[in-house]
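Residue-level listing of the chains:
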Amino acid sequence: MVRPCWYRPPGRDPSPGLPKGCFSFPRRLPDKRPGWTGKLFLPESWFAPEMAAERQRLGIPAERGFETKIELGWRMIQRVQVPFEAVAFDDLYGRSGWLRAQLRQADIVYMADVPQDTQVYLSRPEVGVPQPQPGQRGRRPKRSRVLSEAKPVEVRQVSLRPDIRWKQVRVRSTERGELNDAFALRRVWTLWEGQPVEEWLVMRRSGEGDTSYALSNASADTPLERLAWLMCQRYF
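Residues numbered from 1 in each chain as written. Predicted model: local features only at pLDDT ≥ 70, side-chain atom pairs only at ≥ 80, totals over all residues. Heavy atoms only, no water.

1. Comments concerning the overall build of the chain
When helices and strands are counted, the chain shows 6 helices and 13 strands. Considering only intrachain contacts with a sequence separation of at least 6, the fraction spanning at least 24 residues in the chain is 58%. With an accessible surface of roughly 14,100 Å², the chain has 48% of that area assigned to carbon and sulfur atoms. (Helix = DSSP H or I, 4+ residues; strand = E, 2+ residues; numbered from the N terminus. Contact = heavy atoms within 4.5 Å. Areas by Shrake-Rupley, 256 points an atom, 1.4 Å probe, with all protein chains shown as cover.)

2. A short note on unusual backbone geometry
Only a minority of non-glycine residues have a phi that is not negative, and only a minority of peptide bonds are not trans. Look at Asp107: it is not a glycine, yet its phi comes out positive at around 60 degrees. Within the secondary structure, Asp107 sits in the loop between α4 (97–105) and β5 (110–114). Residue classification places Asp107 among the exposed residues on the basis of a relative accessible area of 71%. Notably, Glu193 is not glycine yet its phi reads approximately 50 degrees, a positive angle. Along the chain, the position of Glu193 falls in the loop between β11 (177–192) and β12 (195–205). (Buried < 20%, exposed > 50% of the residue type's maximum accessible area, 1.4 Å probe, protein only.)

3. Some thoughts on the pairing of strand β10 (residues 167–174)
Note that β10 and β11 share 7 bridges and pair antiparallel. By the bridge assignment, Ser173 is partnered in β11 with Glu178. Hairpin geometry of β10 and β11 is characterised by an intervening segment of 2 residues between the two adjacent antiparallel strands. (Pairing = 2+ DSSP bridges.)

4. Details of the side chain of Arg100
Secondary-structure assignment places Arg100 in helix α4. Its relative accessible area of 7% is what places Arg100 among the buried residues. Dropping the residues within four chain positions of it, Arg100 is found in contact with Gly94, Arg95, Tyr110, Ala112, Thr190, Glu199 and Leu215.

5. Re the pattern of salt bridges
With the rule as written, the count across this model stands at 12 salt bridges. Its salt-bridge partner being Arg75, residue Glu67 comes within 2.6 Å of it at the nearest N-O pair. A salt bridge links Arg156 to Glu154, with the shortest nitrogen-to-oxygen separation between them at 2.6 Å. Three or more residues joined by partner-sharing salt bridges are found here, namely Arg100, Arg104 and Glu199. (Salt bridge = Lys/Arg side-chain N within 4 Å of Asp/Glu carboxyl O.)

6. Notes on α4
Of the positions making up α4, those classed as buried are Gly97, Leu99, Arg100, Ala101, Gln102 and Leu103. Just beyond α4, the residue with positive phi is Asp107, at close to 60 degrees.

Structural data, given as structure tokens:
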């Protein structure tokens, strides 16, 4: 029940080791192409003591403990034996600063969908431990915080700024015709463990008028067309 599940999505070159909502784009594939592999997510309630007999009945290993979908996703990415061109995932995974940090540390490019209320900085925020004011009572501050006056804004507000330039990009053919939408870019900063992280904010406006957003650690000189292509690889 909890062993890796192998399957081949129709119409796709299979690549190993990613959770639902994540896709990899390998630079090369082995001679023997394995199907995709996954791990079964089990809710935390399944690991309560009163569920021990049920877990044993279903063949769930006794050493198995609760893991979030984010943690399972990262474990599967680590297990893949094929070099990544990029990893793209939906906003369940994309909103996880921890997961994006793991991918940056592993030098893996990501395209992470994020919700429209995700907050970003439009200039690099100054971060540090504030100095106590003269005559200030109480404990000295120990935790770092944003010291600059810049305030974060939601990504949906960024898309409405007059300085954002939208460009129509033909990404590729699809089962329903052409994927040809408007895209825009902006370098932004997010915070992870109290430190600023520079990322791409990639924005896509569909023909129906819906706008979606993604953060990426692709290099600063990555062209718009390339980022648009990466953003759309989870859509067929």
